Amino acid sequence: EGEFVSFSDVASNPTPTDGTIPIVVGGHSPAAARRAGRLGDGFFPGKGNIAELTDIVRQTAADAGRDPEAIEITFGHPGVLGDDPAAAFEELADAGVSRTIVPSLVFHGNFAESLPEWGAKLGLG
């Protein structure tokens, strides 16, 4: 309960192991990156220059007296589906990314053949 929010008769299961629910800030703007640095436990931009945005998160966290490395950065990379996924993961790690996104479609049989079907289901085709 606080100044801007109040919950009653609410349950969270499973119960968070450290007693808190992580706040992951989404957005791909410098403002979102600063918000994540000030307030978030994580940052998940959908697009943009990940190295630049990560720098903003880390610097803002340091300026706010927070541990910059404690903020988890999540980002995707099309290269994880390419010929050299290890290079894509390395590029992400070099940019400060600690978690990446791999589309679940890759686990659906023959990904290349099923893409048009799944694209249509997702409203992409």
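Reference entry: report on the structure contained in this document. Since the structure is predicted, the reported quantities are computational estimates derived from the model, not experimental observations.

1. Regarding a negative patch on the surface
Alright, step 1. Taken together, the side chains of Asp83, Asp84, Glu90, Glu91 and Asp94 present a region of like negative charge at the surface.
Alright, step 2. Note on placement: Glu91 falls in helix α3 (residues 85-94).
Alright, step 3. Given the relative accessible area of 48%, Glu91 is considered partly exposed.

2. Quick notes on the pairing of strand β3 (residues 72-76)
Alright, step 1. Taken together, the two bridges between strand β2 (residues 42-44) and β3 define a ladder with parallel strand orientation. Following the sheet pairing, Gly42 is matched in β3 by Glu72.
Alright, step 2. In this structure, β3 lies alongside strand β4 (residues 99-101), joined through three bridges in parallel fashion. Looking across to β4, one finds that Phe75 is bridged to Thr100.
Alright, step 3. Following the backbone out of β3, through α3 and into the adjacent parallel β4, one traces a crossover that is right-handed.

3. Re the sheet that holds β4
Sheets are built from strands that pair by backbone hydrogen bonding, the pairs being arranged parallel or antiparallel.
Alright, step 1. In spatial order, the strands read β1-β2-β3-β4; together these four strands make up an open sheet with parallel pairing. Of all the strands in the sheet, just β1 (24-26) and β4 have a single pairing partner and so form its edges. Put simply, the sheet's adjacent strands are angled 20 degrees from each other on average, direction ignored.
Alright, step 2. Packed on one face of the sheet, helix α2 (residues 50-63) meets β2 and β3 and runs near 165 degrees to β3.

4. A few points about the side chain of Thr54
Alright, step 1. Summarising the element assignment, Thr54 is placed in helix α2.
Alright, step 2. At a separation of 2.8 Å, a polar atom in the side chain of Thr54 contacts the main-chain carbonyl oxygen of Ile50.
Alright, step 3. Every residue in contact with Thr54, bar those within four places of it in the chain, is listed here: Ile73, Ala95 and Gly96.

5. Topic: the packing of helix α1 (residues 30-39) against α2
The geometry of a pair of packed helices is captured by two quantities: the angle between their axes and the separation between those axes.
Alright, step 1. One way to put it is that α1 packs onto α2 with a least axis distance of 7 Å and a crossing angle of 40 degrees. By the angle between their axes, α1 is oblique relative to α2. Regarding α1 and α2, the two cross each other, and that crossing is right-handed. Two secondary-structure elements touch here, α1 through Pro30, Ala33, Arg34, Ala36, Gly37 and Arg38 and α2 through Leu53, Ile56, Val57, Thr60 and Ala61.
Alright, step 2. When grouped by side-chain class, the residues that make up the contact of α1 with α2 number seven nonpolar, two polar and two charged.

Rules used in this analysis
- Residues numbered from 1 in each chain as written.
- Predicted model: local features only at pLDDT ≥ 70, side-chain atom pairs only at ≥ 80, totals over all residues.
- Heavy atoms only, no water.
- Patch = residues over 30% accessible without salt bridge, like charges linked within 9 Å, V, L, I, M, F, W, Y side chains within 5 Å.
- Areas by Shrake-Rupley, 256 points an atom, 1.4 Å probe, with all protein chains shown as cover.
- Salt bridge = Lys/Arg side-chain N within 4 Å of Asp/Glu carboxyl O.
- Lys, Arg positive; Asp, Glu negative; His and termini not counted.
- Charge placed at Lys NZ, Arg CZ, Asp CG, Glu CD.
- Helix = DSSP H or I, 4+ residues; strand = E, 2+ residues; numbered from the N terminus.
- Buried < 20%, exposed > 50% of the residue type's maximum accessible area, 1.4 Å probe, protein only.
- Pairing = 2+ DSSP bridges.
- Right-handed = clockwise from strand over helix to strand, strands pointing away.
- Axes fitted to C-alpha atoms, helices over the stretch in contact; angles between N-to-C directions.
- Contact = heavy atoms within 4.5 Å.
- Polar contact = N/O pair within 3.5 Å; in protein donor to acceptor, adjacent residues only side chain to side chain.
- Parallel < 35°, antiparallel > 145°, perpendicular 65-115°, else oblique.
- Left-handed = near helix turned anticlockwise from the far one by under 90°.
- Nonpolar A, V, L, I, M, F, W, Y, C, P; charged D, E, K, R; others polar.

In short, shape yes, function no, at least from these values alone.
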